[in-house]
Amino acid sequence: QVQLVESGGGLVQPGGSLRLSCAASGFTFRNYAMRWYRQAPGKERELVASITNIGGNTEYADSVKGRFTISRDNAKNTVSLQMNSLKAEDTAVYSCSVHIWGSTYWGQGTQVTVSS
């Protein structure tokens, strides 16, 4: 079955960096676009970044443009999110996601906390 497992979250000071990773299994990874979402307490889930199946196109939320970079390694079935210049408002649970044949699959999420 489809499995998505995120890692790399943690506590970081404002201005710092973190790199999140998502390990995928149970489907042909190279055939599907991947997305990173985040959800902060009391807020709706937000699409942060997406990348096409071969990585040729990426898109970002306005709030993270120029600070976050999404990438993928189709040989290792992983998608990553490099987060630089982190701000307090980036604090959230970050999850990777894939949409396959009408169904959306999610990982368990990883907590990112930006605080001094």
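Above: the structure in question.
Residues numbered from 1 in each chain as written. Predicted model: local features only at pLDDT ≥ 70, side-chain atom pairs only at ≥ 80, totals over all residues. Heavy atoms only, no water.

### Focus: the overall build of the protein chain
Next up, step 1: Along its length, the protein chain carries 0 helices and 11 strands.
Next up, step 2: For the protein chain, the succession of helices and strands along the chain, N to C, is β-β-β-β-β-β-β-β-β-β-β.
Next up, step 3: Since a compact globule built from 116 residues should have a radius of gyration of about 13 Å, the 13 Å found for the protein chain is in line with a globular shape.
Next up, step 4: When the backbone C-alpha atoms are referred to their principal axes, the protein chain occupies close to 40 × 25 × 20 Å.
Next up, step 5: The buried share among the 116 residues of the protein chain stands at 39%.
Next up, step 6: Treating the 11 positive side-chain charges of the protein chain as one cloud and the 8 negative ones as another, the clouds have centres 5 Å apart. (Helix = DSSP H or I, 4+ residues; strand = E, 2+ residues; numbered from the N terminus. Rg over C-alpha atoms; globule rule 2.2 N^0.38 Å. Buried < 20%, exposed > 50% of the residue type's maximum accessible area, 1.4 Å probe, protein only. Lys, Arg positive; Asp, Glu negative; His and termini not counted. Charge placed at Lys NZ, Arg CZ, Asp CG, Glu CD.)

### Quick notes on the pairing of strand β4 (residues 34-39)
Next up, step 1: Pairing of β4 with strand β5 (residues 46-51), which is carried by 5 bridges, proceeds in the antiparallel orientation. The residue bridging Arg38 from the neighbouring strand is Glu46, located in β5.
Next up, step 2: Where β4 hands over to β5, the hairpin turn is made up of 6 residues, of which Gly42 adopts a positive phi near 75°.
Next up, step 3: Of the strand pairs in this sheet, β4 and strand β9 (residues 92-100) are connected by 5 bridges, and their pairing is antiparallel. The partner of Tyr37 across the bridge, within β9, is Ser95. (Pairing = 2+ DSSP bridges.)

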